[in-house]
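This is what each chain is made of:
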Amino acid sequence: MNIILLGPPGAGKGTQARYLVDTRNMIQLSTGDMLREAKDSGTEMGKIVADVMARGDLVTDEIVIGLIREKLEGDKAGGFIFDGFPRTLAQADALAELLEEKGEKLDAVVEMQVDDAALVSRITGRSTCGDCGEVYHDETKPWPADGKCTNCGGTTQKRRADDNEDSLKQRLMEYYKKTSPLIGYYYAKGQLSSVDGLGEIDGVRAAISAILDA
Ligand code: AP5
Ligand code: ZN
């Protein structure tokens, strides 16, 4: 099964993708994580994208489509979760072509609906485990008091360079201008389902599972 998690920054795409990886043996393809890895390892591409990402702008279609193309060559296990990709109509068309080339199809596009007010607190309160990527939030899922990640025992709590109010504003503008047209695009193809992303993490999980099992 191949699915897209679609939603604005902070909607909970990464949080839900990790759950699907654990329970359905799916592979999470987060273009944001791939770009951050390139940045941290100091590759040429990483240097190019670092400033773009810190500002909250979108990286070029060419770069992200290239990253996804590479990953689709690898193991597909229980299927792919596209997290943060596609983000433009050109990326959506490219994904359709890439899947067709592989004889694969898209089984669902899950739109996670969250209002802007909730996103600010979600983004500014977020941290992740530097070892396994588990996602935490200062209020709703605090980094453990003993300083050890509940998932892997790692001790490095990380915050993202673009998780501040200025970058978030730009990320939201990019989302509404370039990514939200994908809602209509997938609706027209009969592939869109929507969940209320404002509920508790477990409630959102259940709503997504119901869509995938339908
Ligand atoms: P990316 O890494 O994809 O970031 P994003 O889309 O902005 O999404 P986030 O990771 O911020 O949010 P999320 O929805 O995963 O939320 P999370 O689960 O962490 O992209 C970063 C940058 O890379 C882009 O700005 C761009 O520059 C570049 N880029 C990436 N892909 C690209 C592409 N395809 N094309 C061009 N450029 C690209 O949750 C957020 C917080 O809320 C957490 O603290 C979590 O604990 C909490 N939370 C989650 N769910 C709930 C809930 N139900 N209730 C309460 N709290 C919750
Ligand atoms: Zn961890």
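Please read all numbers here as calculations on a predicted model, not as lab measurements. (Residues numbered from 1 in each chain as written. Chains lettered and ligands numbered in written order. Predicted model: local features only at pLDDT ≥ 70, side-chain atom pairs only at ≥ 80, totals over all residues.)

Structural notes on the confidence of the model for the protein
Mean pLDDT over the protein: 95, with 100% of residues reaching 70 or higher. The ipTM assigned to the predicted complex is 0.96, against a pTM of 0.95. (pLDDT = per-residue confidence, 0-100.)

Topic: the environment of Thr23
Within the secondary structure, Thr23 sits in helix H1 (residues 13-24). Judged by C-beta crowding, with 11 C-beta atoms within 10 Å, Thr23 ranks as exposed. Along the backbone, Thr23 and Gly78 are 55 residues apart, and their C-alpha atoms lie at a distance of 10.0 Å. (Helix = DSSP H or I, 4+ residues; strand = E, 2+ residues; numbered from the N terminus. Buried ≥ 20, exposed ≤ 12 C-beta atoms within 10 Å, placed from the backbone.)

Considerations on the environment of Tyr186
By secondary structure assignment, the location of Tyr186 is in helix H8 (residues 181-188). Residue Tyr186 is classed as buried on the basis of its C-beta count, with 20 C-beta atoms lying within 10 Å. Measuring from C-alpha to C-alpha, the distance between Tyr186 and Ala92 comes to 9.2 Å, with 94 residues separating the pair along the chain. In contact with Tyr186, not counting residues within four places along its chain, are Val109, Gln191 and Leu192. (Contact = placed C-beta atoms within 7 Å.)

Digging into the sheet that holds strand S5 (residues 126-129)
With respect to topology, three strands assemble into an open sheet ordered S6-S5-S7, the strand pairing being antiparallel. Edge positions in the sheet fall to strand S6 (135-137) and strand S7 (157-158), since each has one partner strand and no second. The pairing of S5 with S6 spans three bridges and is antiparallel. Across the sheet, the residue bridging to Ser127 is Tyr136, located in S6. (Pairing = 2+ DSSP bridges.)

A few points about unusual backbone geometry
Backbone geometry follows two general trends: most residues other than glycine have a negative phi, and most peptide bonds adopt the trans configuration. In this structure, Pro86 follows Phe85 across a cis peptide bond, with omega equal to -5°. Checked against the element boundaries, Pro86 lands in the loop between strand S3 (80-83) and helix H5 (89-101). One non-glycine residue with positive phi stands out, namely Asn25, at about 55°. The residue Ala77 is not glycine, and still its phi comes out positive at about 40°. The topology assignment puts Ala77 in the loop between helix H4 (61-72) and S3. Judged by C-beta crowding, with 11 C-beta atoms within 10 Å, Ala77 ranks as exposed.

Looking at the UniProt feature "binding site: AMP" (unreviewed entry) in the protein
Taking the UniProt record as the reference, the feature "binding site: AMP" (unreviewed entry) is found at Thr31, Arg36, Asp57, Leu58, Val59, Gly84, Phe85, Pro86, Arg87, Gln91, Arg160 and Arg171. Over a stretch of 141 residues, the named residues are scattered through the fold, their C-alpha atoms separated by up to 24.3 Å. Tracing the backbone shows Asp57 in the loop between helix H3 (44-55) and H4. Overall, Asp57 belongs to the partly exposed group, with 17 C-beta atoms counted inside 10 Å. When neighbours within four sequence positions are excluded, Asp57 is seen to be in contact with Val52, Gln170 and Glu174. Relative to the helices and strands, Arg160 resides in the loop between S7 and helix H7 (165-179). (UniProt positions renumbered as here; feature names shortened; annotations may be inferred.)

Quick notes on the site of ligand 1
If you check the shell around ligand 1, you find 37 residues, and the closest are Pro9, Gly12, Gly14, Gly32 and Gly84. Sorting the residues of the shell around ligand 1 by element identifies H1, helix H2 (31-40), H3, S6 and helix H9 (201-213) as the ones contributing at least two each. Broken down by class, the residue content of the shell around ligand 1 amounts to 13 nonpolar, 15 polar and nine charged. (Near = placed C-beta within 6 Å. Nonpolar A, V, L, I, M, F, W, Y, C, P; charged D, E, K, R; others polar.)

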